[in-house]
Amino acid sequence: MTDHDLAIVGAGPAGMTAALTASRLGLSVVVIDEQQRPGGQIFRQPPANRSAGPKAVRGYPWGHRLVVAAEAADNVEWRYGTTALGVLRPAPPGEGIELVVRDDDGADRISVRSLLIASGAMDLPVAFPGWTLPGVVTAGGVQTMLKAQDLLLARDVVLTGGHPLLLVVAGLIHEKGGRVVELAMPRSQGSLREMTRALGALPGHLGILANAASTAARLVASGTPIRSGSIVTAARGDGRVEEVDVARLGPGNTLVPDQTCRTVAADGLVVGYGFQPSTDLARQAGCELRWDSPAGGWVVAHDDELRTTVPGVYVAGEPSGVAGADQSRAEGQLAALCIVHALGGTTVELDREIVRARRALRHTNRFASTVQRMFEPPRQTLAALADADTTVCRCEGVTRERAETVIDDNPFISSIGALKLECRTGMGPCQGRYCELTVAGLLAQRRDMSIDEVGAFNAQFPIRPATVGELSRMAGDRPSPVAQDG
Ligand SMILES: Cc1cc2nc3c(=O)[nH]c(=O)nc-3n(C[C@H](O)[C@H](O)[C@H](O)COP(=O)(O)OP(=O)(O)OC[C@H]3O[C@@H](n4cnc5c(N)ncnc54)[C@H](O)[C@@H]3O)c2cc1C
């Protein structure tokens, strides 16, 4: 006997859409999200006590309606302020999936017939000298501070990175009274071939592009220097960032050796090279991943019904590849319909809805894959930014020099799982979310292998730190967490 037909982790565009669709078609649905309100990253709402209703987001007219509908849907159990900690060892076929969640009262298990992982993405972490100084923040982090708390990072801000979100954040900082000192962006524009490909994918996405273009125009009009072919290579300061080094990039966005950098004074540095899929819950549940660099790195493998390799577990939105809010919504819709179908729904109308959902997904996919190719982060350049003393694994305090010494002293190490056992990178509370790609880049470069060959870290239960007291609330002789090697 299960508590619900479907548990959805994530109340962003993918999770909200899936919840509304699955509940409309008769499933009993519970949605888990760490945030206090629905919206996910892009439609993140201020705390309920600071706003009368959901805020609209430029370029996404459907976003506001979706959040309003989610807040009004009382046929779904919405569990906000609740974190999914992991999946317990799968029960025998037909007995469902046990998801462990934690809220203010401690940990709890929810037994469901299907699980949809719609856990979104996180900013791509990049290690460079000074990246751990207070005042150095990712683009998504700055946006979150502004959206959720109306908090401005600093007064004089330099921004670096190649992702379009950087432009949006620069616009927000400017609107809130901050001074955008400079935007240093590795890529100026896509190649002519990429641009031509994008044209065919435009219909239906003009709002997004118009939004980015008007932000850029406002910045230029305000005299903000936007320097393409540049990158911030270091941040320095006493207790917080006070100045940053900006270097010119060579052909193909490569670092030019022994170049003299320009030093720019700033009390805030925003770093925005894009996103990486949040795959920790899927990893812990035992789902297979596959490497897809333009889509953000390691993504959750799935079939055309969005089923992962673990029975009963589906994926939608950015864990399947970072592709923007339209694609997340389209995947949430298709996943919900396929889950309804798998749990026994068989009407002609359901089949028609599935056909329509597939068509919508093909359309968003075309736009998303073009944008992904245009804004793929220059991974080799980013991996070369850390110097010997740069901390690459913040949880365990491992520097680049230490990681490389271990790699050189142990020629048998050829996977980051093995490297973790030798020098603890990825062993700390973030389980490698912040160091995985930096460490993988170092190992791959030293061994002349590709990043997908050196592999990904496994995730262990609980995927977020939890106290023994919290976990002890789950009493009884029940299944144990899915264990991963390494
Ligand atoms: C910080 C940030 C800011 C962004 N801002 C923009 C923007 O301004 N414009 C734009 O076009 N795109 C933006 N993006 C990209 C954006 O993620 C997508 O466009 C869109 O929000 C993806 O929708 P989604 O439903 O796939 O995931 P998300 O919207 O990311 O929703 C995932 C949800 O899952 C929840 N979650 C994750 N793990 C757990 C867990 N273990 N337990 C409980 N809850 C969990 C999160 O709290 C989140 O609410 C941003 C991404 C990030 C990371």
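The rules behind these values
- Residues numbered from 1 in each chain as written.
- Predicted model: local features only at pLDDT ≥ 70, side-chain atom pairs only at ≥ 80, totals over all residues.
- Heavy atoms only, no water.
- Salt bridge = Lys/Arg side-chain N within 4 Å of Asp/Glu carboxyl O.
- Helix = DSSP H or I, 4+ residues; strand = E, 2+ residues; numbered from the N terminus.
- Buried < 20%, exposed > 50% of the residue type's maximum accessible area, 1.4 Å probe, protein only.
- Phe/Tyr/Trp six-rings, centres within 6.5 Å; stacked < 30°, edge-to-face > 60°.
- Lys NZ or Arg CZ within 6 Å of the ring centre and 35° of its normal.

Going by the annotation in an unreviewed UniProt entry, the name recorded for the protein is NAD(P)-binding protein, with Aeromicrobium fastidiosum given as the source organism.

A.B. asks: Before we move on, could you go through the pattern of salt bridges and cite the residues and values that matter?
C.D. replies: Opposite charge on two side chains lets them pair, provided their charged atoms get close. For the structure on display, the rule yields 27 salt bridges. One salt bridge in this structure joins Glu 243 and Arg 236, with 3.0 Å as the shortest N-O distance. The salt bridge partner of Arg 400 is Glu 404, with a shortest N-O separation of 3.1 Å. One end of the pair is Arg 400 and the other is Glu 404, both in helix H11 (residues 400-409) and 4 residues apart, which spans about a single turn. Each of Glu 34, Asp 280, Arg 433 and Arg 464 takes part in a single network of salt bridges with overlapping partners.

A.B. asks: Just give me the short version of the side chain of Arg 79, but keep the residues and values in it.
C.D. replies: Relative to the helices and strands, Arg 79 resides in strand S3 (residues 76-79). Its relative accessible area of 14% is what places Arg 79 among the buried residues.

A.B. asks: Before we move on, could you go through the packing of aromatic side chains and cite the residues and values that matter?
C.D. replies: Scanning all chains against the criterion turns up 5 aromatic pairs. With a centroid separation of 5.3 Å and an interplanar angle of 85 degrees, the aromatic rings of Phe 43 and Trp 62 are classed as edge-to-face. Here Phe 43, found in the loop between strand S2 (29-32) and helix H2 (61-72), pairs with Trp 62, found in helix H2; they are 19 residues apart in sequence, far enough to count as distant. Neither Phe 43 nor Trp 62 differs from the other in exposure class; each is buried. Ring centres of Trp 78 and Tyr 80 lie 6.1 Å apart, and the angle between their planes is 15 degrees; this geometry places the pair in the stacked category. Judged by relative accessible area, Trp 78 falls into the buried class, the value being 17%. Put simply, the rings of Phe 43, Tyr 60 and Trp 62 pair up and form one aromatic cluster. A cation sits over an aromatic face here: Arg 329 above Trp 62, 4.1 Å from the ring centre. If you follow Arg 394 out to its NZ or CZ, it ends over the ring of Trp 131, 5.2 Å from the centre.

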